[in-house]
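Report on the structure
Next come the chains, spelled out residue by residue.
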Amino acid sequence: METWDAIRARRNVRVYTSDPIPEADLLQIAEAGWRAPSSTNRQHWDFVVVTDRSQLESLSTVWRGAHHIAGAAAAIALVVPQYDDERNRLVSYYDLGQATYAIMLAATGLGVGAGHSSVGDQAAARSILGVPDDHDVAFLIGLGYPADRPLRPVLTPNRRPFDEVVHRGHW
Ligand SMILES: Cc1cc2nc3c(=O)[nH]c(=O)nc-3n(C[C@H](O)[C@H](O)[C@H](O)COP(=O)(O)O)c2cc1C
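Sequence order as written defines residue numbering, which begins from 1 separately in each chain. Owing to the predicted nature of the model, reporting of local features is limited to residues with pLDDT of at least 70; listing and counting of side-chain atom pairs is limited to 80 or more, with chain, interface and lining totals taken over all residues. The side-chain quantities take in all heavy atoms of the structure and omit both hydrogens and water.

This part covers the site of the ligand. We call a residue near a given molecule or strand whenever any one of its heavy atoms falls within 4 Å of it. Taken together, Arg10, Arg11, Asn12, Arg14, Trp63, Gly65, His68, His116, Ser117, Ser118, Phe139 and Arg159 make up the full set of residues near the ligand. Here an oxygen atom of the ligand sits 2.7 Å away from a polar atom, N or O, in the side chain of Asn12. The term polar contact refers here to a pair of N or O atoms within 3.5 Å; inside protein, the definition further demands a hydrogen-donor-capable atom paired with an acceptor-capable atom, and it admits residues adjacent in sequence only when both atoms are side-chain atoms. A distance of 3.0 Å separates an oxygen atom of the ligand from a polar atom in the side chain of Trp63. When the ligand is considered free in solution it has 620 Å² of accessible area, and contact with the protein chains removes 58% of it. In terms of residue count, the dominant contributor to the shell around the ligand is strand E3 (residues 113-118) (three residues). Taken together, the residues that form the shell around the ligand break down as two nonpolar, six polar and four charged. Residue burial considers only the protein chains on display, and all accessible areas are found by Shrake-Rupley using a 1.4 Å probe. To qualify as a helix, a DSSP run of H or I must reach at least 4 residues; to qualify as a strand, a run of E must reach at least 2; elements of each kind are numbered from the N terminus. Charged means Asp, Glu, Lys or Arg here, nonpolar means Ala, Val, Leu, Ile, Met, Phe, Trp, Tyr, Cys or Pro, and polar covers whatever is left, Gly included.

Okay, here's the thing in structure tokens:
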């Protein structure tokens, strides 16, 4: 899929077919996150790729908005170190946002749907994934082929009006 089509076709996909994602495609999706830019290239992130059904089902309980992870073909957990100071925390979450979007766009380009989930129960998420106590499982990204409708450019996205959001030269 062309980049512009992938940008327009990406949407949160939360219902998936039972088809597995080929390993090469899953690795390519993870590589998109690995290639993402980060502040001073510090790459303060780790990605845990999960395909085990019981792990996916367990992960679906770590947040009230994580139900879709149970039925996903795979999930990528985005893990960050814990920071005491606001600056490092802000920057690390900015960086994670870039990795997230790279992963989601790469997935869309391959026809794979992706759906965010936050994480509420850190202790459970760490335990399921074997993440050390000094790190947080910041987000989960569910992955799988859409069971609702194919990934095609969304012609009328649910967004604030373009001219209200995009300013030219001044606010
Ligand atoms: C930081 C962040 C956290 C999110 N957390 C969740 C979540 O926990 N569960 C969920 O179903 N969607 C979650 N979303 C998805 C948003 O609801 C979604 O991106 C937004 O409604 C726009 O829809 P779209 O992605 O389909 O364009 C999250 C998105 C972001 C950026």
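Further remarks concern the side chain of Asp95. With respect to the helices and strands, the residue Asp95 is situated in helix H4 (residues 86-109). In what follows, residue pairs with any heavy atoms lying within 4.5 Å of each other are defined as contacts. In this view, Asp95 contacts Pro37, Ser38, Ser39, Arg42 and Trp45; residues no more than four positions away in its chain are not counted.

For the rest of this paragraph, the subject is the nonpolar core. Grouped together as the largest cluster of nonpolar side chains are 22 residues, with contacts concentrated most on Ile21, Ile29, Ile76, Val112, Ile141 and Leu143. Put simply, the parts of the chain that give this core at least two residues each are helix H2 (23-34), strand E2 (74-81), H4 and strand E4 (135-144). The leading source of residues in this core is H4, at five residues. The contact partners of Leu143, leaving out residues within four places of it in the chain, are Tyr16, Ile21, Leu26, Ile29, Ala72, Ala73, Ala74, Ile76, Ala107, Val112, Gly113 and Ala114. Nine residue types can take part in a nonpolar core, namely buried Ala, Val, Leu, Ile, Met, Phe, Trp, Tyr and Cys, and a core is a set of them joined through side-chain atoms within 4.5 Å. When accessible area is computed with a 1.4 Å probe and restricted to protein chains, residues below 20% of their type maximum are described as buried, those above 50% as exposed, and intermediate ones as partly exposed.

This next bit is on the packing of aromatic side chains. Each Phe, Tyr or Trp ring, with Trp reduced to its six-membered ring, pairs with another whose centre is within 6.5 Å; inter-plane angles below 30 degrees give stacked pairs, above 60 give edge-to-face pairs, and intermediate values give tilted ones. Taken as a whole and judged by the stated rule, the model has two aromatic pairs. Aromatic pair Trp45 and Phe47: ring centres 5.6 Å apart, planes at 35°, arrangement tilted. Their ring planes at 70° and their centres at 6.1 Å tell us that Tyr93 and Phe139 sit as a pair that is edge-to-face. Linking Tyr93 in helix H4 with Phe139 in strand E4, this pair joins segments that are 46 residues apart in sequence. On the basis of relative accessibility, which here comes to 25%, the residue Tyr93 falls in the partly exposed class. According to the relative accessible area criterion, Phe139 is partly exposed, its value standing at 27%.

Coordinates in, geometry out; function isn't part of it.
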